[in-house]
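# Structural characterization, general
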Amino acid sequence: MKLPADVTIPDISPDFSAPFFQGFQVLASYILAGAMIVVFIMLIIAGAALAFRGLASDRVRTWAGENILWIFIAAAVLGAASGLFAWFVNFDFGF
């Protein structure tokens, strides 16, 4: 008599060989890389506007002061998403 505990389950491994999957990986890599570059430039502008008084107008300094925390959060979220993407799929800038 066979018991249900005697069932063997084979190992399952994903198959990423679909022809369109590589295109999705490259497209997602481009989007993540572009967003990281934009957020990094925003962080540089905001930091420079706050650090150097004569570099930017009062309006830019006000924007930087109000939004620098959100820029840091966006950079952290994009960095985490890029790290997870690189870990699971393979980060490819397409160069």
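A brief structural summary.

Rules used in this analysis
- In every chain, residue numbers begin from 1 and rise along the written sequence.
- Per-residue local features are limited, in this predicted model, to residues with pLDDT of at least 70; the limit for side-chain atom pairs, both in listing and counting, is 80 or more; totals at the level of whole chains, interfaces and linings are taken over all residues.
- Each side-chain value is worked out from all heavy atoms of the structure, with water and hydrogens disregarded.
- The helix and strand labels rest on DSSP assignments: H or I over at least four residues marks a helix, E over at least two residues marks a strand, and numbering proceeds from the N terminus.
- Working rule for helices: expected span equals 1.5 Å times residues minus one.
- Type-normalised accessible area, obtained with a 1.4 Å probe on protein chains alone, sets the label of each residue: buried when under 20%, exposed when over 50%, and partly exposed for intermediate values.
- Whether two residues touch is decided by their heavy atoms; if any such pair falls within 4.5 Å, the residues are in contact.
- To form a nonpolar core, buried Ala, Val, Leu, Ile, Met, Phe, Trp, Tyr and Cys residues must be joined to one another through side-chain atoms within 4.5 Å.
- Pairing of aromatic side chains requires ring centres within 6.5 Å, counting the rings of Phe and Tyr and the six-membered ring of Trp. Pairs whose planes differ by under 30 degrees are stacked, by over 60 edge-to-face, and all others tilted.

### Considering helix α1 (residues 21-51)
- Along its 31 residues, α1 runs 44 Å from first to last C-alpha, staying within 8% of the 45 Å computed at 1.5 Å per residue.
- What α1 keeps buried is the set Gln-25, Val-26, Ser-29, Leu-32, Ala-33, Val-39, Ala-46, Ala-48 and Ala-49.
- For α1, the elements touching its buried residues are α2 (58-88).

### Observations regarding the nonpolar core
- Core analysis: the largest hydrophobic core is formed by 8 residues, namely Leu-32, Val-39, Ala-46, Ala-49, Ala-64, Ile-71, Leu-78 and Phe-85.
- Of all the secondary-structure elements, those providing two or more residues to this core are α1 and α2.

### Things to note about the packing of aromatic side chains
- The tally for this structure, following the rule as stated, stands at 1 aromatic pair.
- Note on Phe-20 and Phe-24: the rings are 5.5 Å apart at their centroids and 70° apart in plane angle, and the pair reads as edge-to-face.
- What makes Phe-20 exposed here is its relative accessible area of 52%.

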